[in-house]
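Structural description and commentary
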Amino acid sequence: MSNVSWGKDIEIKRWKAVVPAVLGLGVIFYFYGEDIKDVGLGDVVYSSRAALALASAVGLLAIRDLAYMVRVKMLSLGQFSWRSSLNVILLWEFASAITPSVIGGSPIAIYLMRREGMTLGRSVATVLATSLMDEFFYVLAVPLLLFIIGMDAFIPGDLSSSAEAGLRIMFYAGYAIHCAITVFIMFVLFIAPNATRLVILRVFRSPGLKKWRLQAERTTQEWMLASESLKGATRGLWMKTLGVTFVSWTARFFILNAVLYIFFESVQNVEVFARQLSLWIAMLASPTPGASGIAEFSLPVFMQGVAVVGGATVLIWRMLTYFIYLIIGSLLLPGWLVRTGRKIH
């Protein structure tokens, strides 16, 4: 496959979109191949409940992306059009799907916004503000569900005592990291942006980085302006942004609930939602692109005790939450690069 240039310093080989797809599908068919063969496909296709559940899953996917698009447009403070906002979120998901989850797609998201005409400093500030909203969702959703259903709902059942203890430690550590990231972003973006700027400039005064000092000064100045704009945003804007963030993440997690309704008449909806908050920690720590392989293997484990998850469920879930973005991104990227080529100069 051909290579796609993202500008002077960034290049993505298009075959990289194939690697996570093959890895994820390989895990599904290796572990769940017999299970998929045994699924009564006739029952699934001709069940009105299954059809409604599948339509709901697709609808939740659309709601998720629409909410993401609204959020990017709001945090751009009117700079992005609806089309630009949609392109950013779809290609951001594509970038996340082809980069290791532990790294994420945020570095490329900065470039996406830059390519859509936003300055580098403002792009960094916008991506950080977006990440802050995501962190707020997790930090607030976990204690809310803890209050409603208790801690045990987050941890899979039927595990050995050592495995359960390990998952609890992972969950507590992951939540603590989310809280720390939230505080860090608030500090660098709102509390002390000038101190952050001075630290960055001091770093670029070191001998090996001096040639980029002027670029760093310009970018950090843009950063300061963006920070002031975001700090000056109305409370109503931030509440709306947080609201659409909750809508997008809720829709994202409820996709699995809808997929389960394809196969079962009843689902423990709140418990399945809580288990996905735990699963998310494991997926974020994955070294594979988009947690491919890890997600497919881990989902049935994390759902033990609240839902019976087979190969067909895993396949449909990953198609709607992962593989679809590999396809959309691969199709969208070449034309988008041509259209936005003039904006970055």
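Relevant structure appears above.
The rules behind these values
Residues numbered from 1 in each chain as written. Predicted model: local features only at pLDDT ≥ 70, side-chain atom pairs only at ≥ 80, totals over all residues. Heavy atoms only, no water. Helix = DSSP H or I, 4+ residues; strand = E, 2+ residues; numbered from the N terminus. Buried < 20%, exposed > 50% of the residue type's maximum accessible area, 1.4 Å probe, protein only. Contact = heavy atoms within 4.5 Å. Areas by Shrake-Rupley, 256 points an atom, 1.4 Å probe, with all protein chains shown as cover. Patch = residues over 30% accessible without salt bridge, like charges linked within 9 Å, V, L, I, M, F, W, Y side chains within 5 Å. Salt bridge = Lys/Arg side-chain N within 4 Å of Asp/Glu carboxyl O. Axes fitted to C-alpha atoms, helices over the stretch in contact; angles between N-to-C directions. Parallel < 35°, antiparallel > 145°, perpendicular 65-115°, else oblique. Nonpolar A, V, L, I, M, F, W, Y, C, P; charged D, E, K, R; others polar. Core = buried A, V, L, I, M, F, W, Y, C linked by side-chain atoms within 4.5 Å.

When helices and strands are tallied, the protein chain shows 13 helices and two strands. Classification of the 345 residues of the protein chain by burial places 51% in the buried group. Put simply, of all contacts in the protein chain between residues at least 6 apart along the chain, 75% involve residues at least 24 apart. Accessible area for the protein chain stands at about 16300 Å²; split by element, carbon and sulfur atoms hold 68% of it.

A few words now on a nonpolar patch on the surface. Together, Leu144, Phe147, Ile148 and Val270 make up a nonpolar patch on the protein surface, roughly 440 Å² of accessible area in all. Ranked by residue count, the leading element in the nonpolar patch is helix H6 (residues 120-149), at three residues. With respect to the helices and strands, Val270 occurs in helix H11 (residues 269-284).

Our focus in this paragraph is the pattern of salt bridges. Per the counting criterion, the structure on display carries eight salt bridges. For Glu164, the salt bridge goes to Arg168, with nearest N and O atoms at 3.2 Å. You can see Glu164 and its partner Arg168 sitting in helix H7 (residues 161-191), four residues apart, about one turn around the helix. Take Glu164: its relative accessible area is 27%, and that puts it in the partly exposed class. The salt bridge involving Glu296 is made with Arg318; its shortest N-O contact spans 2.8 Å. Separated by 22 residues along the polypeptide, Glu296 in helix H12 (residues 294-302) and Arg318 in helix H13 (residues 311-340) bring together distant segments of the chain. Judged on exposure class, the residue Glu296 and its partner Arg318 are both buried. The network of salt bridges with common partners includes Arg64, Asp65 and Glu93.

A few words on the packing of H7 against helix H9 (residues 213-231). Contact geometry of H7 with H9 gives a least axis separation of 9 Å together with a crossing angle of 100°. As the angle between them shows, H7 and H9 are arranged roughly perpendicular. For the pair H7 and H9, the contacting residues are Val188, Leu189 and Phe190 in the first and Trp223, Ser227, Leu230 and Lys231 in the second. For the contact of H7 with H9, a count of residues per class yields five nonpolar, one polar and one charged.

Once that is clear, we can look at the nonpolar core. Residues Phe154, Val272, Leu277, Leu299 and Met303 are the most contacted members of the largest nonpolar core, which totals 71 residues. With 10 residues, H13 is the largest single contributor of residues to this core. Core analysis: the second largest hydrophobic core is formed by 21 residues, Met74, Leu189, Trp223 and Leu230 among them.

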